[in-house]
Each structure stands twice: as C-alpha cells, then as structure tokens.
Amino acid sequence: MLKNYVKVALRNLWKNRLFTTIGIVGLSIAFGVATLLTMDSLHELSYDSFHTNGDKLYQVHITWQTPKGTEVGTSQPTPFAGALTAEVPGVDKITRFVEEEALTIYNEKELGLDAVYVDGDFFDMFTFPILQGAKKNTLSDVSSAVITESSAVKLFGHENPIGKTVTVLINGKNEPFIIRAISEDGPEQSSISYEIALPFEKNPNYEATKELWNAQYHEVYLQLEEQMSAKMFEENSRSFTNLHYEGAIENLKRDGALPNANGDFLQLGLLPITEMRFVGYSKGYVEISRSKVYVVLGVAFLILFIACVNFVNMSLAKSAQRLREIGMRKTLGAEKRQLFFQFWGESLIVFIISLGVGVLLSFLLKDSFQTLFRTSATFDILLSPFLLFAAVLLVLVISLIVGGYPALMLSRLTTIQSLKGKLDSSGKNHLRDALIVLQFGIAILLISGTFILNGQIEYMRNKDLGYDKEQVLSFPLNGKKNSYDVVKLLREELLGNPNILAVTAADNNLGRGRDGSLSSSVWGFDYKEKSVRTNTLTVDYDYIKTLGLQLKEGRGFDIERENDTQAVIINESMARELGEDQPLAARLPASDSLTYAIIGVVKDYNFQDISKTIEPLTFFLDRESGLTYAYVKVASSNMADSFTSIENAYKKIEPNAEFLGSFLNENVDRTFRREKTMAALITSGSIIAILLSCVGLFAMSMLITNQRTKEIGIRKVIGASVASVTYLLTKDFLKLVLIAFVIATPIAWWFANNWLQNYANRVDLSWHFFAVSGILALVIAVLTIGTRTIKSALANPVKSLRTE
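Residues numbered from 1 in each chain as written. Predicted model: local features only at pLDDT ≥ 70, side-chain atom pairs only at ≥ 80, totals over all residues. Heavy atoms only, no water.

We now examine the packing of aromatic side chains. Under the definition given, this model contains 38 aromatic pairs. Plain terms: the ring middles of Y543 and F619 are 5.7 Å apart, the flat faces sit at 55° to each other, and that makes the pair tilted. Placement of the pair is Y543 in helix α17 (residues 543-547) and F619 in strand β23 (residues 617-620), with a sequence separation of 76 residues. Of the two residues examined, Y543 and F619, each falls in the buried class. What links up through ring pairs into an aromatic cluster is the set F50, F97, F122, F123, F126, F128, Y194 and Y221. One residue, R277, lies across the ring of Y47, its end atom 4.0 Å from the ring centre. (Phe/Tyr/Trp six-rings, centres within 6.5 Å; stacked < 30°, edge-to-face > 60°. Helix = DSSP H or I, 4+ residues; strand = E, 2+ residues; numbered from the N terminus. Buried < 20%, exposed > 50% of the residue type's maximum accessible area, 1.4 Å probe, protein only. Lys NZ or Arg CZ within 6 Å of the ring centre and 35° of its normal.)

Printed below as a string of structure tokens:
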C-alpha cells in the first residue's frame, strides 16, 4: 500500500512538474534562508554559555539616583573588590578587569596585543583552559603573564614560550613579564577576550588609585557561593554601598536626587555573565534586549510562513485539474482516509525534497551569508541531536498542517462534485483571502522596515556631526616611542607636503577606528555646591583647527603659552552644566590648591556614538597623560596620495608598528555596523517575502482564471473588451493587497517608532516610507497577476466556451 502511495504521488508530481518545481523552489528558498537565520540566532544566543561556572558568574554594576534620573555604571574603584569580598558574605571568587592594547616586545618583535589586567581568580572563574604551563596560580606574582595560543605563535614562532621574558610598554616604561602559561584561544561567542593576561597591580592606573574610592576605571566580576543567590547578595550589599559611598550619597541628597523604592541612592546590582551580550545601560537602567535575535528569527518564520501559504494556495490551484480523478477514485470505493494520505503523501515528498535542497542551498550560501551579515556562525551549532530531532519533527508537523489542509478539502468533496470537475471557489473563500492579505501584509511590513532602516542609516551617515569627517585621517599611536615625540616627528616629516593641512593628537578616537576600540573618560567634581560630571579628552595643540571645530568663545590651546597646561576648553553642554553666564570667568577645581582656567568654549559636536545626546566635554592639555590617536587633516585633492604619505611617515618613525589609518567618515560608519547588518537582513527578507508572495498570488490567479474560463468566453462574445475582462479578474486581488496595506501600515509605524526612540538623532517617520511600500507592493502584485489575467482575456472565446 505504501509503495503504491509513493508511486502514484511521484507520478502526479511529475505530471504537474511546473507546479511541483515552483513549490519546491519556494520551499527550498524558505528552508535555506530559515536554516541560515536560525544558525545566526543560535550563535548569538550561545554567547558566554561555555563557562563551566556560568550560572554563578556575574558582572557588578551600580545604579545611581541622580537629580536627572537613574544612571548605571560598571566602572569600579581599585579598593572595591577587596572590600566587597571582606564585608559582604557570599563571594566565592572575584576579579578586577581592565582591558587595553599593550605593546609587547620579544627580541626584535613588537606586537600590539589585546591585554587584560586581572586578579588571580580570573582563570579559576572563567573557562579559558590552560594548555601548557602552570594550571594553578597562573598569575601568582606581579611578574607573571598568560598568553593565548595564537598570540604565542605570533610572538614566539616555534619556540616554547613558557619561562620566556617579554616586555610590555606601560606608562612609557618597559615592564618585564615571565610567560607562566599558554591558554586556549577563547571562542568567538565570548564577551571577554584577550591575547595576553597580566596582573591587575601592573595596570597603568593602579599605583595612583589603589587607595581612592572616587577613581572608577575598571570592571569587577565575581562568582557567588553555591547557596547565595544574586537577589540575596544585592540585598546584603546595601550597608556596604552606604558605608563606602557615604560622601557621594550626601552629595546626591544635596543636589536634589530622590531615592529608589527601597530608600537607597546607590544600589549594587549583579548581571549574569550570560546576559552581557544583550545588556544596555544607555537609558539609565539595566536593559536586557534580545531584539536582534528575535527579529532574525521573526524574519525566518515569516519567510517560511509565506512559502507554506504559497504551497497551500498552489495545491488548491492545481486541485481543479484532479477533481475527476477524485470522483473516479471515490466511485471505485476509495475512502476519505485513503484520499487524504494520497494527497498528503505528495505534499510530504515535496517537503522532504525541499528540505534537502534548502539545506544544500544554505551550505552553498554560508560564506556569502557570513560576509554580508558579519557573523562567524557555523553549522556546528545546529548539529546537536536535540536540534536535529526538532527540525525533523517541525518539518513533519508543517507538512501535516500545510499539506493536510488541501488534502482534507479534496478528500471531503462529494463524488458528484468531483465528477462534475467543479471546485467551489466563487470568491467567498475567506481563508484564501485571509492568507493573501497576511502574505502581502508581511511583505509590506518588511519593505517599510527596509526603507526606514536605510533612511536612519543615511541620516546618521550624512548628519553634520560638528567636525570635519571627510578630510581627517586618524590612526592609533601604537609604537613604543613617547606619543608626544611621535606627533612632533610626524609634523616635521609632513611639513613640506602641501596636501597636509594640520596634525594633532588626542587620547581618544572619533568613531570606531580600524583597531576597533571605543573608550571614554569621565571626571566628576563639586562646583559651587553641586556635583558636575564631564567627559574628558586630553589633546595636543591644533586639535580644534585639525577637526574643524567651531569656537563659540575664547581661544584654543597655544603652543606659545606655557600656562595652557593648567587651562581647559569646554563644550556648550559643559557650559550649561556649570550654569555660568560667563563661562570664561569660571575656574574648575583640580585639587585643593589648583584650579583650571576655562579659556575657550567650542560648539557642541558628536564626540560619542551618534545615537546619544551630546554630553558635557572638557579638553585638557596634560603633558603627563599619553596620547593614543593621531589626527591628520588633508586637502580634498589627492587624498589617496596623502594617505600613502602619512603611512610612510609613520612607518619611518615607528618601523615596527602597524599603521591602522582610516578617515573619520569610515570610523563613524563603523559605529552603526549593527544597523547596517539589520538593514541588510530586513532588505533581503523583504525581497524574498515579496517574491514568494508573488508566486502565491500567481498560483491563485491561475486557479480563478481556470475556473472562470467559460465566463470569460461568454463576456467576450457579448462584447467585453480585454481591459474590462482584465480588470474583472484583477480587482479582487488588488483589494486584498490594499487591505493588507491598511492593516500592515499602523503595525509597521508602531514598530518603527519604538525602534527609533533608541536614537537621540533620528530620521522623521514620514508617511512616504509607508506610501512607497504600499505602492511598490501594489505594482508588483499588478505585474504578477497581469501576466496571467491578460493571457486569459486575450484567449479565443471559442476555445474558452469549449472547456465544458
């Protein structure tokens, strides 16, 4: 019996090979896309899940109740970790953590390695297996170092690194370290990464801050004891924060801050390590959002859903050709159950073939997918027995639902209906209409999302940020020479080049450079009996000139004035924060005996992520602090030659350092890489969705025109024009597309409006985004239906009337 079912099913699929091919192509594309998107989603969800003690690992943060609302910070002072362990019960292990690039030297090799300064518990807490060397107490003394396997190869080649001495440039001095162990390279799905691990006591800020509670610059991670919960620990820490932050709390009360629901002005909190990939603090509270993952999975589901709806519609479209077959089978004694399994079996075969082709398609497109969406996800994550079983079960369930509906409809037809060859589809098929509305509603939703996402990206790319981003090149000062000496030598090397307009440097980059770093420094102090917080930036001379910043008052730093090292320049937001009508008359406290004079006010510019509002900023000319990035302004002509000249000059000064130059507009582009990835995803999804929707619409137009062939012939005989017949056959479908537009537009607006709230600078949510989406869907629908309806309208009425 089973053999007969399969044999008949294959024969019928081959007989209707056009429909079969279209169905397999649509489902294969859907399965292929769903496989790739599911792979990427599971890859994202697997972040930080590899740690053996992951359920007990947390990152510490503190929530502040300020006069302007709540703020959350993960930076802690140097004494924090030791005091927390001693005073709050429940800490099993703890480590401080600060990350920065460190120039590491071995013999003649110089490498800029991603260094982390951590405490001894680090390798006991986190699962970064030791491959060689000391497996316990790996950072037992301040001269120890642990290097990753790949970094060891880059630095030592084929030598055994254990016991070898390397020097690391820290605060301008070469500090020696002995390699005690080699660790396995961390997986890509890790929020914590490093190339060399060094003792925390060797970080550049340790000595100056080891007794200070108001210098917050590093993160703290802890592992709780088995019986201790995060909620209980947070509750137990209230007395700790009230004791050690007493002065800060008093200042908050003085400035008018309101306590939280528990009556606290500061609250210590714990974030599970597995949530670090999805957390954000920009709104003033801990926000865990997996929206990107849900969007990816949502697009996969919608595309798969559209393909399944197509299959249902196409099964119904071709069913009219098999009504007499059903009638004959029923006449010869076939039962409903037998007919159901016959038709469902055909659907199951199509689904199995489509799944195989879809998986093969996903393998072929994997590399392109990884490049387009900037992901390193692989199929390994899909190969667990549970996921494979779930995938097989899902296909069976989908095929039973999707293939079972047409099979059930056909098996329930009476013998007389079947033998007459008539399928009741007079336009009252509400399920069919609802499916078409749903299909095009999804397509319009995705198209609208594509336009809005790309509109926001273009807005951010073209917005005037307040500085010259087109002609200014930045690159990290990653060599071993003193940064001020490098900038001075760079000026001298480029002095005679007419295309080089200005050279300067700072301790931070604008945007995200090729080295991938983003950082900020914040300074807090009391000014006229209120707390003031400002971002800080150490700069060299000509910074304002090179960046093209606009001075609103005062002047910039002058190389001829030695006292400028004890002066600052502020932005407009900082001037408003101080509340001074004459900011140039104000002085900022540096210490009990020293104050900084304000010599200039620059117009606000976007020195942080463009999604943020512009915050207070203060420029310093501090010769004691190092500069980390150079900026060179070039002429608008011969920019490629200027780039080469700058690269050659830097390599002459630092022959062993890697030149990682990029223009500021490229840096800015990198800061919204997430948005560009999401736009590519939604765009791809909308294209696939509209194509699959059109396939379903084409199938339904074939069903209707086939069933109304005789009507079309009669209308043409009595004088109906081709245009009127085409309109008759098309209008019902176009009504459904318009209904889909009416339903999808407010939903798209709601999603887009909520998403845009994450950006301080955002595009206006104009009506034209939605209008163009609807018009585009309507035009595509007309073209899809028109190819079939016009052909039917042009058919010879004599042939049409002979169909009965």
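We now examine the sheet that holds strand β25 (residues 662-663). Working definition: the strands of a sheet are paired by backbone hydrogen bonds and lie parallel or antiparallel to each other. Spatially, the 4 strands line up as an open sheet ordered β16-β24-β15-β25, and their pairing is antiparallel. Looking at strand neighbours, the two that pair on one side only are β16 (500-506) and β25, the edges of this open sheet. Bridge count for β16 against strand β24 (residues 629-634) is 6 bridges, and the pairing is antiparallel. Note on β24: the bridge partner recorded for A505 is A630. Strand contacts of helix α19 (residues 639-653): β15 (472-476), β16, β24 and β25, with the helix running at about 25° to β15, the strand carrying the most contacts. (Pairing = 2+ DSSP bridges. Contact = heavy atoms within 4.5 Å. Axes fitted to C-alpha atoms, helices over the stretch in contact; angles between N-to-C directions.)

Here we take up the side chain of K469. Residue placement: K469 occurs in the loop between α15 (430-462) and β15. The side chain of K469 sits in the buried core without any salt bridge; E470 is the nearest counter-charge, 4.7 Å away. In terms of polar contacts, K469 uses its side chain to reach the backbone carbonyl oxygen of R461, at 2.5 Å. Ignoring any residue separated from it by four or fewer positions in sequence, one finds K469 in contact with M460, R461, N462, K463, F663, L664 and N665. (Lys, Arg positive; Asp, Glu negative; His and termini not counted. Salt bridge = Lys/Arg side-chain N within 4 Å of Asp/Glu carboxyl O. Polar contact = N/O pair within 3.5 Å; in protein donor to acceptor, adjacent residues only side chain to side chain.)

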